Amino acid sequence: MTERTVAVLAGGLSHEREVSLRSGRRLATALSEAGASVREWDVDAALVERLRSDPPDAVAIALHGGEGENGSVQAVLELLGVPFVGTPAQACRRAWDKPTAKAELARAGLDTPDWVALPHTTFRALGAQAVLDAMVDRLGLPLMLKPDQGGSALGSQVVKERAELPAAMVSCLAYADTVLAERYVTGTEVAVSVVHDGEEPRALPPVEVDAGGVYDYTARYTPGAATFHCPARLDDMTLAALAETALAAHQLLGLRDVSRMDAVVDGDGRVQILEVNVSPGLTETSLLPTAVRAAGMKLGDLYAALIERAVARR
C-alpha cells in the first residue's frame, strides 16, 4: 500500500475491552506488515486531542461493544472529518440494537428467529412470572435470551426449562436493561463476512462453527474450544444462499466496508439471521480472519484496501 499513517482504535471501556485490545494488536501488526505506519490508540479522554493535533490519514476501528459499535466513536470521527474504515454512525446505531435490526431484516423478507424484546421495567411493573409465562406460551422452548445490545455472546443463555428463566434473565440484565428473547433455532451455525475492497461488496467464504454446544464467550476466545470449517460443509445452493443473504443484510442495514452476519442454517435449509456485526473480531480465534485466509488474502492487505477507500471518500 501507499505508505499511510493509520490509527488503530482499540480498548475503550466496554465489557469487551480485552477482546478489543487483542483485535487491535493483531490488526496493527497486519497493517505494519502491509506497509502502513501504525499508531495504536486507546479510546479515552485523550483521543479527540490526538486526532486534532496529529491526525492520521485514516482510522481503523478494532473496538467491540459500547461506543465502538453503537456509532458513538464513528460520530466523533465524522465530526472531526477523520476518514475511517467501517460503517457510518447512524447505521451503526441501527445494527447495534438487535431488535431494531431484526425488525428491518424481517420487513425485507429475510428470515430471523421470532422474538420479543422487553425492558427490565416491564417485568417489574407487570410481574416477572406473568410476563415470562406469556413469553414461553408465545415463543415456546427452548429460548435464547440475550441482551438487546452487546456482543461476544456476553449475557446470552439458552433456556430449555421454565425454571431456568429467572437466572437467565439476571444474566442478561447484567449487560443491558432490555432482554431479547428469541426462539432457539437448531442447525448449522455459520458466519459470513462481507467486505467492500473493490467495486462492489462481496461475501467471503462462510465459516462453519462447531462449538459442541452453545458458541458462548469462552468458546469464542479460547483456542481449541471450537472447531471451524471454511468454507462451511454445506451444499453449493446453501453456500450461495448464505452469500446472498449476508450481502442483502449488509446493504439493507446501510453497512460499509466490512461486516459479519451470524446465522443458523436450519433443518429446512433456510438461513436464519441471528445478528449482523459492524466491527467483527480480529483475534486469533475470530471468524473474519479465518474467512480472509480461506479467500487467499492477508488481513493487512484487506484492511490496506479498505483504508484507501476511506481516504478516497474524503
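As the structure is a prediction and not an experimental result, all values here were calculated from the model. (Residues numbered from 1 in each chain as written. Predicted model: local features only at pLDDT ≥ 70, side-chain atom pairs only at ≥ 80, totals over all residues. Heavy atoms only, no water.)

## Comments concerning the overall build of the chain
Then step 1. In terms of helices and strands, the chain carries 12 helices and 14 strands.
Then step 2. The C-alpha radius of gyration of the chain comes to 19 Å, within 12% of the 20 Å expected for a compact globule of 314 residues.
Then step 3. Oriented by its inertia axes, the alpha-carbon framework of the chain measures out at about 60 × 45 × 35 Å.
Then step 4. In the chain, buried positions account for 52% of the 314 residues.
Then step 5. A total accessible area of about 13500 Å² is found for the chain, and carbon and sulfur atoms account for 49% of it. (Helix = DSSP H or I, 4+ residues; strand = E, 2+ residues; numbered from the N terminus. Rg over C-alpha atoms; globule rule 2.2 N^0.38 Å. Buried < 20%, exposed > 50% of the residue type's maximum accessible area, 1.4 Å probe, protein only. Areas by Shrake-Rupley, 256 points an atom, 1.4 Å probe, with all protein chains shown as cover.)

## A closer look at the packing of aromatic side chains
Then step 1. Scanning the model with the defined rule gives zero aromatic pairs in all.
Then step 2. Here the guanidinium or amino end of Arg 256 rests over the ring plane of Phe 84, the centre of that ring lying 5.2 Å away. (Phe/Tyr/Trp six-rings, centres within 6.5 Å; stacked < 30°, edge-to-face > 60°. Lys NZ or Arg CZ within 6 Å of the ring centre and 35° of its normal.)

## What about the nonpolar core?
Then step 1. Among the nonpolar cores identified, the biggest contains 34 residues, and Val 8, Leu 27, Leu 31, Tyr 215, Leu 288, Tyr 303 and Ile 307 are the most heavily contacted of them.
Then step 2. Elements with a contribution of two residues or more to this core: strand S1 (5-10), helix H1 (17-33), strand S3 (58-61), strand S9 (188-195), strand S11 (207-210), helix H11 (287-294) and helix H12 (299-313).
Then step 3. No other element matches H12, which puts seven residues into this core.
Then step 4. Residues within four places of Leu 31 in sequence aside, it is in contact with Val 6, Val 8, Ala 36, Val 38, Ala 60, Gly 300, Tyr 303, Ala 304 and Ile 307. (Core = buried A, V, L, I, M, F, W, Y, C linked by side-chain atoms within 4.5 Å. Contact = heavy atoms within 4.5 Å.)

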